[in-house]
Amino acid sequence: MTLLIPAIYFLFLLLLLHRYTHRHPHLRSYAPRTSGALVSVIIPARNEAANIETCMRSILGTAYESIEVVVVDDRSSDGTAAIIERVARSPEARGRVRLVRGAELPAGWYGKPWALVQGCRVATGAILLFTDADTRHAPELLPRCVAALDGERVDLVSVLPRQEMVTFWERVVQPHIFLVLASRVGGLERINRTRVEWDGIANGQFILTTRAAYQTVGTHDVVKDHVVEDLALAQRYVRHGLDIFLVHGPEYMTTRMYRTLGEIVEGWSKNLAIGVPLTLPPIRWVRRAAPYLMWLPALAWVAPPVWWALHGAAWALATIAISLAIWTVVYRAEKAPLRYALLYPFGAALVVGIMLRSAWRGGRKIVWRGRQYGTG
């Protein structure tokens, strides 16, 4: 028993690590295409004063020649609109930036889909790029993605970027979430060109699609009441027999999702309990149970240190050593300080709390960017 438990634990974590580190396909496989159809870049921005200028300037610096940038100020209260206007007047913008002042949020809509629909109404490109204000784009990002969209003959390309983590709380919590998500996605072979609707996944931080395909699925109008609108939209593509294609691109795109512990807790609380069931088979009891069970795998990180502290068992110490090796690999891949790997039990415990909070709320009460959704 002393050796069996660490051996089983090691094999389980080895499989998990393989799924995490198997990062193919990759954007570097596609030669940049610098010219072609007009790409309309649509950015929703609500209280994004800390991010929007850097994001816009990174997009305007693209090596792709034909773009327009439509930024939808979603009724911000922090000066976001003024920053957008200033960037739009800069020499690098060259008349390619348009500010859309968002209308009041209609009943039954979430903020992001509503902002994107308003941006689409004024966009003129045959290709649409939906991207978030907290992203940073390398000059080759869009040229390589256009090449992938055409070369793979697909209808939607979505990029998995590198996640920036700066503060203590980001470095402690975020890698655990990313490991969970990466273990679900795996090597992308199961996702790309899937015909299984619940395998349809896209990253809303970067979705490149043809206008024709986007209109075929019904635009963001059909996911207006979804918190995880990117998953819901990708599954609409699959339902209509259209091809989605995820690709890794950490050298070409970065994002910093949350900056404080409060943002981390609120952000993942709104996403996990709703998003996780969408990636599972559409069996009612499975999807209903998933939010209440999704925290259990995190016990693999928490239980051995607790058991060792209480009982001093050799098997627990062995599993701790295995876990530290795994988390060293994860933190190196995420380009975060390796010393934070020592805090992996603490990070896992926090993720358990976030997941339970998300399940308890269950979409009934969601607060984000100063808006409250749901009925709770």
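So, a few notes on the structure that sits alongside this text.

Rules of the game
- Residues numbered from 1 in each chain as written.
- Predicted model: local features only at pLDDT ≥ 70, side-chain atom pairs only at ≥ 80, totals over all residues.
- Heavy atoms only, no water.
- Buried < 20%, exposed > 50% of the residue type's maximum accessible area, 1.4 Å probe, protein only.
- Helix = DSSP H or I, 4+ residues; strand = E, 2+ residues; numbered from the N terminus.
- Pairing = 2+ DSSP bridges.
- Axes fitted to C-alpha atoms, helices over the stretch in contact; angles between N-to-C directions.
- Contact = heavy atoms within 4.5 Å.
- Phe/Tyr/Trp six-rings, centres within 6.5 Å; stacked < 30°, edge-to-face > 60°.
- Core = buried A, V, L, I, M, F, W, Y, C linked by side-chain atoms within 4.5 Å.
- Patch = residues over 30% accessible without salt bridge, like charges linked within 9 Å, V, L, I, M, F, W, Y side chains within 5 Å.
- Areas by Shrake-Rupley, 256 points an atom, 1.4 Å probe, with all protein chains shown as cover.
- Salt bridge = Lys/Arg side-chain N within 4 Å of Asp/Glu carboxyl O.
- Parallel < 35°, antiparallel > 145°, perpendicular 65-115°, else oblique.
- Left-handed = near helix turned anticlockwise from the far one by under 90°.
- Nonpolar A, V, L, I, M, F, W, Y, C, P; charged D, E, K, R; others polar.

1. Quick notes on the pairing of strand 8 (residues 206-210)
Consideration 1: With respect to burial, strand 8 is a largely interior element, four of its five residues being buried.
Consideration 2: Across three bridges, strand 6 (residues 156-160) lies against strand 8 in antiparallel orientation. Residue pairing for strand 8: L156 is matched across the bridge by T209.

2. Considerations on the sheet that holds strand 8
Consideration 1: Strand order in the open sheet formed by seven strands is 3-2-1-4-8-6-9, and the pairing between neighbours is mixed. Edge positions in the open sheet fall to strand 3 (97-101) and strand 9 (244-248), since each of these has one partner strand only. Going from strand to strand, the sheet's axes swing by 20° on average, the running direction of each strand aside.
Consideration 2: The pairing of strand 1 (residues 39-45) with strand 2 (residues 67-73) spans seven bridges and is classified as parallel. By the bridge assignment for strand 2, I42 is matched with V70.
Consideration 3: Helix 4 (residues 111-122) contacts strand 1, strand 2, strand 3 and strand 4 (127-131) of the sheet and is inclined by roughly 145° relative to strand 1.

3. Side note on the packing of aromatic side chains
Consideration 1: All chains considered together, the criterion is met by eleven aromatic pairs.
Consideration 2: Ring centres of F168 and W169 lie 5.0 Å apart, and the angle between their planes is 80°; this geometry places the pair in the edge-to-face category.
Consideration 3: Residue F168 is classed as partly exposed on the basis of its relative accessible area of 37%.
Consideration 4: For the pair W169 and F346, a centre-to-centre distance of 6.0 Å together with 55° between the ring planes defines the contact as tilted. Linking W169 in helix 6 (residues 168-185) with F346 in helix 13 (residues 344-361), this pair joins segments that are 177 residues apart in sequence.
Consideration 5: By way of ring pairs, the aromatic residues F168, W169, Y340 and F346 are connected into one cluster.

4. Overview of the nonpolar core
Consideration 1: Core analysis: the largest hydrophobic core is formed by 39 residues, its most contacted members being V39, I43, I52, V69 and L208.
Consideration 2: L160, L188, I191 and A213 belong to the second-largest nonpolar core, a separate cluster that totals 31 residues.

5. Some words on a nonpolar patch on the surface
Consideration 1: On the surface, F168, L342, L343 and F346 cluster together into a nonpolar patch covering about 350 Å² of accessible area.
Consideration 2: Among the structural elements, F168 can be located in helix 6.

6. Brief notes about unusual backbone geometry
Consideration 1: Here N47, not a glycine, exhibits a phi torsion of approximately 55°, which is positive.
Consideration 2: Assignment of secondary structure puts N47 in the loop between strand 1 and helix 2 (52-60).
Consideration 3: You will see that R193, though not glycine, has its phi angle at about 60°, which is positive.
Consideration 4: As for its position among the elements, R193 is in the loop between helix 6 and strand 8.
Consideration 5: We classify R193 as partly exposed; its relative accessible area is 35%.

7. A few points about the packing of helix 6 against helix 13
Consideration 1: Packing of helix 6 against helix 13 brings their axes to within 9 Å, and their N-to-C directions diverge by 70°. Classed by the angle they form, the pair helix 6 and helix 13 counts as roughly perpendicular. For the pair helix 6 and helix 13, the crossing hand works out as right-handed. Facing helix 6, whose interface residues are F168, W169, V172, V173, H176, I177 and V180, helix 13 presents Y344, F346, G347, A348, L350, V351, I354 and M355.
Consideration 2: Here the contact of helix 6 with helix 13 is built from residues that sort into 13 nonpolar, two polar and no charged.

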